[in-house]
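Each chain is listed here by its residues.
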Amino acid sequence: MLNYSQIKLKDIAQATGYSVNTISRALRDMPDIAEETKKIITERAKKMGYVPNKTAASLRTRKSMTFGVVISGTCYPLQSNLLTELTFAASAAGYSLLFFQSHDDDALGEITAACEHGVDGMIFFASYAKVPQAAKKLVSLSLPFVLLGEKDFSEPCDTVTIDNERATFRLTQYLQQKGHRNIVYITANGPQVHVQRRMQGFLRAMEAAGCPNPMQQVYVANNPLQHRSWMLNCTQRYPDATAFIAQNDMLALLLIDYLNRHGKRVPEDISVAGFDNILSCLYPVQLLTSVEVDLKRSAKEAIDILLRKNRGEIPLSQECHVNVESILVEGESVAALQPEGWSSAV
């Protein structure tokens, strides 16, 4: 009996009565093969345990059927979930992913390693400050490149992102509609574009609501995941705050834990909202009010850009920018207040 590694196209041809050429074109989903014929061939191939030889396909097409993915530093839960969706989207298109973790801002070493593996394109997470050197290198190599996040450099590259400023603006307005006026925004100290955009959305909403000095309502936490003293400092600085918005869910959850341990109930005493909705896949109930990103669509859009550029449907020189809509998810961490006038929290 043949095992999966021994099954060849000629074996499927013999079992179905079709020619080897028809078998090959049917398994590659070519349009000149009838759908019924494809169904017969693919079902028989699956039953026989046929596994396509990607090495042979690569020699024929001069494509590795592989994309490289570069992440930077510690992988935040949202990134982990997005990596899973990228894997699914690539697999559905017949591609595999190679992952590289970068600890350098420009990631040139990871680009070199990916090119040595012959990848057909690359995806970067914009979770760090500087990627223009990487973009410049990839352009010189004529390698398709998608940045997951907003860019702040002139070098051309494709992007898939969300409107961070608009999302935080809407989240802040949601709390204002609940009657909150003394709202504090907690942000990490970083130059990343999404960090700045989210803060700008908060400031714009506070200004539109008549806050006399929105920047006084922003607390900057230095290295918040390593140094927990920011929670004590923040709550002491804003003792009259009725609501906090955190730059991401990790900060929001740390703050909620701190408040609960120090006798403050969420949301009865203080409301807290985050960004990214990382708890959605862990709990059946919505515990945290947050902003949710459509990770499945983000992953599909990134993979689709690389596929279309590899197929020549989009010129390499043409930039593609996709904005994925985010949604506000109401959880159990925000309570309504009666509207009051502005009062200083400093």
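Caption draft 1: Region of the structure containing the sheet that holds strand β7 (residues 218–221). Reading across the sheet, the four strands line up as β7-β6-β8-β9 and stay open at both edges, with parallel pairing between neighbours. Looking at which strands have only one partner, the edges of the open sheet turn out to be β7 and β9 (271–273). Averaged over neighbouring strand pairs, the angle between their axes works out to 20 degrees when direction is ignored. Looking at chain direction, strand β6 (residues 183–188) and strand β8 (residues 243–246) are connected through four bridges and run parallel. Bridge pairing in β8 places I186 opposite A246.

Caption draft 2: Structural view of the side chain of K38. Structurally, K38 can be placed in helix α3 (residues 35–48). In this structure K38 touches A26, D29, M30, P31 and I33, once residues within four positions along its chain are discounted.

Caption draft 3: How the structure looks around the packing of aromatic side chains. Per the stated rule, a full pass over the model turns up three aromatic pairs. Residues Y185 and F202 carry aromatic rings whose centres are separated by 5.2 Å and whose planes lie at 25 degrees to one another, so their mutual orientation is stacked. Of the two residues, Y185 is situated in strand β6 and F202 in helix α9 (residues 193–208); the sequence distance between them amounts to 17 residues. For the pair shown, Y185 and F202 are each scored as buried. Directly above the ring of F169 sits R204, whose terminal nitrogen or CZ lies 4.1 Å from the centroid.

Caption draft 4: Representation of the packing of helix α1 (residues 9–16) against helix α2 (residues 20–27). As a packed pair, α1 and α2 sit with axes 8 Å apart at the nearest point and diverge in direction by 105 degrees. The angle between α1 and α2 falls in the class roughly perpendicular. Residues L9, K10, I12, A13 and T16 of α1 pack against V20, I23, S24 and L27 of α2. Residues that form the contact of α1 with α2 fall into these classes: six nonpolar, two polar and one charged.

Caption draft 5: Structural view of helix α12 (residues 295–310). For α12, spanning 16 residues, the distance from its first C-alpha to its last is 23 Å, which sits close to the expected 22 Å at 1.5 Å a residue. Within α12, the full set of buried residues consists of L295, S298, A299, A302, I303, I305, L306, L307, K309 and N310. Where α12 begins, one side-chain oxygen reaches toward the backbone nitrogen of K296, 3.4 Å away; that side chain belongs to D294. One or two steps after α12, the chain reaches G312, where phi turns positive at roughly 80 degrees.

Caption draft 6: Region of the structure containing the sheet that holds strand β3 (residues 122–125). As summarised here, the arrangement of the six strands in space is β2-β1-β3-β4-β5-β11, forming an open sheet in which the pairing is parallel. A single partner strand is all that each edge strand has here, and the edge strands are β2 (96–102) and β11 (321–323). Direction aside, the axes of adjacent strands within the sheet are offset by 20 degrees on average. Two strands pair when backbone bridges link them, and strand β5 (residues 158–161) and β11 are joined in this way by three bridges, in the parallel orientation. The residue bridging V160 from the neighbouring strand is V322, located in β11. Here α12 sits on the sheet and contacts β1 (66–72), β3, β4 (145–148), β5 and β11; the angle it forms with β5, its principal contact strand, is near 165 degrees.

Caption draft 7: Examining unusual backbone geometry more closely. Note the cis peptide between V266 and P267, where omega equals 10 degrees. One can find P267 in the loop between α11 (249–261) and β9. The backbone of S142 sits at a positive phi, close to 55 degrees, despite the residue not being glycine. Relative to the elements of secondary structure, S142 occurs in the loop between α7 (132–140) and β4. Phi is positive for N277, close to 55 degrees, though the residue is something other than glycine. Structurally, the position occupied by N277 is in the loop between β9 and β10 (290–293). By relative accessible area, N277 is classed as buried at 3%.

Caption draft 8: Quick look at the side chain of H180. With respect to the secondary-structure elements, H180 resides in the loop between α8 (164–177) and β6. A distance of 2.8 Å separates the side chain of H180 from the side chain of T242, its partner in a polar contact. Not counting the four nearest positions on each side in its chain, H180 is found in contact with L175, T242, A243, S271, A335 and L337.

Here is what the cut-offs are and how they apply
Residues numbered from 1 in each chain as written. Predicted model: local features only at pLDDT ≥ 70, side-chain atom pairs only at ≥ 80, totals over all residues. Heavy atoms only, no water. Pairing = 2+ DSSP bridges. Helix = DSSP H or I, 4+ residues; strand = E, 2+ residues; numbered from the N terminus. Axes fitted to C-alpha atoms, helices over the stretch in contact; angles between N-to-C directions. Contact = heavy atoms within 4.5 Å. Phe/Tyr/Trp six-rings, centres within 6.5 Å; stacked < 30°, edge-to-face > 60°. Buried < 20%, exposed > 50% of the residue type's maximum accessible area, 1.4 Å probe, protein only. Lys NZ or Arg CZ within 6 Å of the ring centre and 35° of its normal. Parallel < 35°, antiparallel > 145°, perpendicular 65-115°, else oblique. Nonpolar A, V, L, I, M, F, W, Y, C, P; charged D, E, K, R; others polar. Expected span 1.5 Å × (residues − 1). Polar contact = N/O pair within 3.5 Å; in protein donor to acceptor, adjacent residues only side chain to side chain.

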